[in-house]
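Now for the letters of each chain:
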Amino acid sequence: MSLEISKVEKQFGRFPALKGVSLFAEDGEFLALLGPSGSGKTTLLRIIAGLEAPDGGGVSFRGEDLLAKPVRQRGIGFVFQHYALFKHMTVAQNIAFGMRAKARSERPADARIKAKVAELLAMVQLDGLGGRYPAQLSGGQRQRVALARALAIEPKILLLDEPFGALDAKVRRELRRWLRELHERTGLTTIFVTHDQEEALELADRVAVLKDGALEQVGTPEELYHEPASSFVFDFLGDAVQFPCTINGGIAIIDGYGAPIVGAHPSAGSAIAFARPEEFAVEAGEGPGFPARVRNLILAGPDARLDCALERGGALEVRISHDEAAKLSPRDRIRLVPRHVRVWPDAEVGRTGSA
């Protein structure tokens, strides 16, 4: 493995930011740290970079103790959310800054610095913009400059702290695709912090989900989405619908309807059943499921969204195909039948019956 994090702990006053987190990244892997605000993901990134010191645990890279090295000797490129570009420097000067700041014995010759800046401008698709200042660039262009500056020092590890957080949705999507392509070209071990589930699942080789300073689960995007280890991971990685249920064997009894349970579960007792909005069948007439009335049909996007009022109380939005939606109208009475559910014994009900 390339980067190994072992039982790292960090406390700010009485607040435990990290609780013995252990994690690794393979050489050249793109690893996303995903979690809500306060989960510890940025603190962990800053410890790797040397911007914070842990209270316990270790961090090593290719067998060497990173914590024993000063920041400048760690070989790390860091990209911040808000660019952190020098406003009084041109784009080219910003990119060259890390190379020019090296000790005289390590500093490249001026010709080499100039050539490297030109190479990086081409790599981040900003040819011809080296003479501009940050204020003359769009947000997406500034973030490309910040990434070029991080790459200029030829780092061994690239750390990105919510680099697209200040950008609008369309620019974020464009830069996500571009960043993944760039990662394939450079082959750097990359650690990417985000609270955006779609971003993590689209970009990363593996995703580590953190909650309250602890590691909930780590795996490929497919493993996390289809085999979540906890109700938190299931809920955080996509819209979730929750219902109180009673378990009888492999069946969750919800309002008299029995839905098959997928994954590990207790054999009996009260629990919370979880399903995704796309995991419901829409049926007409009498039968099993949740009686409901159609309030609205939202037809934008690849799936239609069906906003329903449940007869039992509450609302539920499910996703169906456009062909199914064409057969429905507002005020229609229907039944919503979960095809299957997941159950975790320690889950606490949140917004019951809502997506």
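Further up the page is the structure itself.
Reading guide: rules and limits
- Counting of residues starts from 1 at the beginning of each chain's written sequence and follows it residue by residue.
- At least 70 in pLDDT is required for a residue's local features to be given in this predicted model, at least 80 for side-chain atom pairs to be given and counted, and no such filter applies to totals for whole chains, interfaces and linings, which use all residues.
- Side-chain measures here rest on the full set of heavy atoms in the structure, leaving out hydrogens and waters.
- Helix numbering and strand numbering both begin at the N terminus, where a helix is a DSSP run of H or I of at least 4 residues and a strand a DSSP run of E of at least 2.
- The criterion used for residue contact is that any of the two residues' heavy atoms lie within 4.5 Å.
- A 1.4 Å probe and the Shrake-Rupley method give the accessible areas. Residues count as covered only by the protein chains that appear here.
- The sign given to each residue is positive for Lys and Arg and negative for Asp and Glu; His and the chain ends receive no count.
- By convention, the charge on Lys lies at NZ, on Arg at CZ, on Asp at CG and on Glu at CD.
- Buriedness for pockets is judged along seven lines, at least five of which must meet protein on both sides within 12 Å for an open set on the 1 Å grid over protein atoms alone, while cavities are sets there where a 1.4 Å probe fits but cannot get out, and lining residues have an atom within 4 Å of a point.
- Grid points are joined across faces, edges and corners, and a volume is the space filled by probe spheres set on the points.
- Residue type decides the class: Asp, Glu, Lys and Arg count as charged, Ala, Val, Leu, Ile, Met, Phe, Trp, Tyr, Cys and Pro as nonpolar, and the leftover types, Gly among them, as polar.
- To define a nonpolar core, start from buried Ala, Val, Leu, Ile, Met, Phe, Trp, Tyr and Cys residues and group those joined through side-chain atoms within 4.5 Å.
- Classification of residues uses two cut-offs on accessible area relative to the type maximum, computed with a 1.4 Å probe and protein chains only: under 20% is buried, over 50% is exposed, and between them is partly exposed.
- Inter-axis angles, ranging from 0 to 180 degrees, are taken between N-to-C directions of lines fitted to C-alpha atoms, where helices are fitted over the stretch in contact.
- Under this scheme an angle from 65 to 115 degrees is roughly perpendicular, one under 35 degrees roughly parallel, and one over 145 degrees roughly antiparallel; angles in between are oblique.
- Should the near helix be turned anticlockwise from the far one by less than a right angle, the crossing is termed left-handed; should it be turned clockwise, right-handed.
- By definition, a salt bridge exists where a carboxyl oxygen of Asp or Glu is found within 4 Å of a side-chain nitrogen of Lys or Arg.
- Under the rule applied, a polar contact is a pair of N or O atoms within 3.5 Å (in protein, one hydrogen donor and one hydrogen acceptor; residues adjacent in sequence only if both atoms are side-chain atoms).
- In short, DSSP must find at least two bridges between two strands for them to pair.

Enquirer: Just give me the short version of the overall build of the protein chain, but keep the residues and values in it.
Expert: A tally of regular secondary structure across the protein chain gives nine helices and 20 strands. With respect to the principal axes defined by its C-alpha atoms, the protein chain has extents near 80 × 45 × 35 Å. A separation of at least 24 residues holds for 67% of the contacts in the protein chain among residues at least 6 apart in sequence. Counting only carbon and sulfur atoms, one obtains 48% of the accessible surface of the protein chain, whose full area is about 16,900 Å². When the 45 positive and 46 negative side-chain charges of the protein chain are each reduced to one mean point, those points stand 8 Å apart.

Enquirer: Which residues make up the layout of surface pockets, and what are the values?
Expert: For the largest pocket, the calculated volume is near 860 Å³. Estimates place the volume of the second largest pocket at around 270 Å³. When its residues are assigned to classes, the lining of the second largest pocket shows five nonpolar, two polar and six charged.

Enquirer: Tell me what's going on with the nonpolar core, and back it up with residues and numbers.
Expert: Ranked by size, the top nonpolar core spans 46 residues in total, and within it Ile 95, Leu 147, Leu 151, Leu 158, Leu 179, Phe 192 and Val 207 carry the most contacts. Here the element with the most residues in this core is helix α4 (residues 139-152); it accounts for seven residues. With near-sequence residues (within four places) excluded, Leu 151 lies in contact with Lys 116, Leu 120, Met 123, Leu 158, Leu 182 and Leu 188. Core analysis: the next-biggest nonpolar cluster, separate from the first, contains 33 residues, Ile 261, Ala 304, Val 318 and Ile 334 among them.

Enquirer: Quick rundown of the packing of helix α3 (residues 110-123) against α4? Include the residues and the values.
Expert: For the pair α3 and α4, interaxial distance at closest approach is 10 Å and the crossing angle is 135°. By the angle between their axes, α3 is oblique relative to α4. Along this stretch, α3 crosses α4, giving a crossing that reads as right-handed. Together, Lys 116, Leu 120 and Met 123 of α3 and Ala 148, Leu 151 and Ala 152 of α4 make up the contact between the two elements. When the residues that make up the contact of α3 with α4 are grouped by side-chain class, the tally is five nonpolar, no polar and one charged.

Enquirer: Can you tell me about the pattern of salt bridges, naming the residues and giving the values?
Expert: The full count for this structure, using the stated rule, is 22 salt bridges. For Arg 333, the salt bridge identified is with Glu 311, shortest N-O distance 3.4 Å. Of this pair, Arg 333 sits in strand β19 (residues 333-338) while Glu 311 sits in the loop between β17 (304-310) and β18 (315-320), and the two are 22 residues apart along the sequence.

Enquirer: Which residues make up the side chain of Thr 189, and what values go with them?
Expert: By the element assignment, Thr 189 lies in strand β8 (residues 189-194). Judged by relative accessible area, Thr 189 falls into the buried class, the value being 1%. One polar contact links Thr 189 to Asp 27, side chain to side chain, over a distance of 3.4 Å. Not counting residues within four places of it along the chain, the set of residues in contact with Thr 189 comprises Ser 2, Ala 25, Glu 26, Asp 27, Gly 28, Glu 29, Phe 61, Lys 156, Ile 157 and Leu 158.

Enquirer: Would you mind going over the sheet that holds strand β13 (residues 257-260) in detail, with residue names and values included?
Expert: Read across the sheet, five strands follow the order β13-β12-β11-β14-β20 without closing on themselves; strand pairing throughout is antiparallel. Looking at strand neighbours, the two that pair on one side only are β13 and β20 (342-344), the edges of this open sheet. The average angle at which neighbouring strand axes cross in this sheet is 45°, direction not considered. By the bridge criterion, eight bridges tie strand β11 (residues 241-248) to strand β14 (residues 268-275) in an arrangement that is antiparallel. Counterpart to Val 241 in the pairing with β14 is Ala 275.

Enquirer: Break down the pairing of strand β1 (residues 3-12) for me, with residues and values.
Expert: Alignment of β1 against strand β4 (residues 56-61), held across five bridges, turns out to be antiparallel. Bridging from a neighbouring strand, Ser 6 pairs with Gly 58 of β4. Hairpin connection between β1 and strand β2 (residues 15-25): a loop of two residues separates the two successive antiparallel strands, and Gly 13 in this loop has a positive phi of roughly 65°.

Enquirer: Run through the packing of α4 against helix α5 (residues 169-186), naming residues and quoting values.
Expert: Packing of α4 against α5 leaves a shortest axis separation of 11 Å and a crossing angle of 20°. In terms of orientation, α4 lies roughly parallel with respect to α5. Considering how the two elements wind past one another, α4 and α5 form a crossing that is right-handed. Of α5, the residues touching α4 (which contributes Gly 140, Arg 144, Leu 147 and Leu 151) are Val 171, Leu 175, Trp 178, Leu 179 and Leu 182.

Enquirer: Talk me through the side chain of Arg 335; I want residue IDs and the actual numbers.
Expert: As for its position among the elements, Arg 335 is in strand β19. The side chain of Arg 335 is buried and forms no salt bridge, while Glu 283, the nearest opposite charge, is found at 4.7 Å. Here the side chain of Arg 335 touches Pro 288 through a polar contact of 2.6 Å, landing on its backbone oxygen. Setting aside residues no more than four positions away along its own chain, Arg 335 makes contact with Ala 281, Val 282, Glu 283, Ala 284, Gly 285, Glu 286, Gly 287, Pro 288 and Phe 290.

Enquirer: Which residues make up the sheet that holds β19, and what values do they have?
Expert: Spatially, the five strands line up as an open sheet ordered β15-β19-β16-β17-β18, and their pairing is antiparallel. Across the chains shown, the open sheet's two edge strands, defined by having one partner strand only, are β15 (280-283) and β18. The average undirected angle you get between the axes of adjacent strands in this sheet is 45°. With six bridges joining them, strand β16 (residues 290-298) and β17 adopt antiparallel strand pairing. Directly across from Ala 292, in β17, lies its bridge partner Leu 310.

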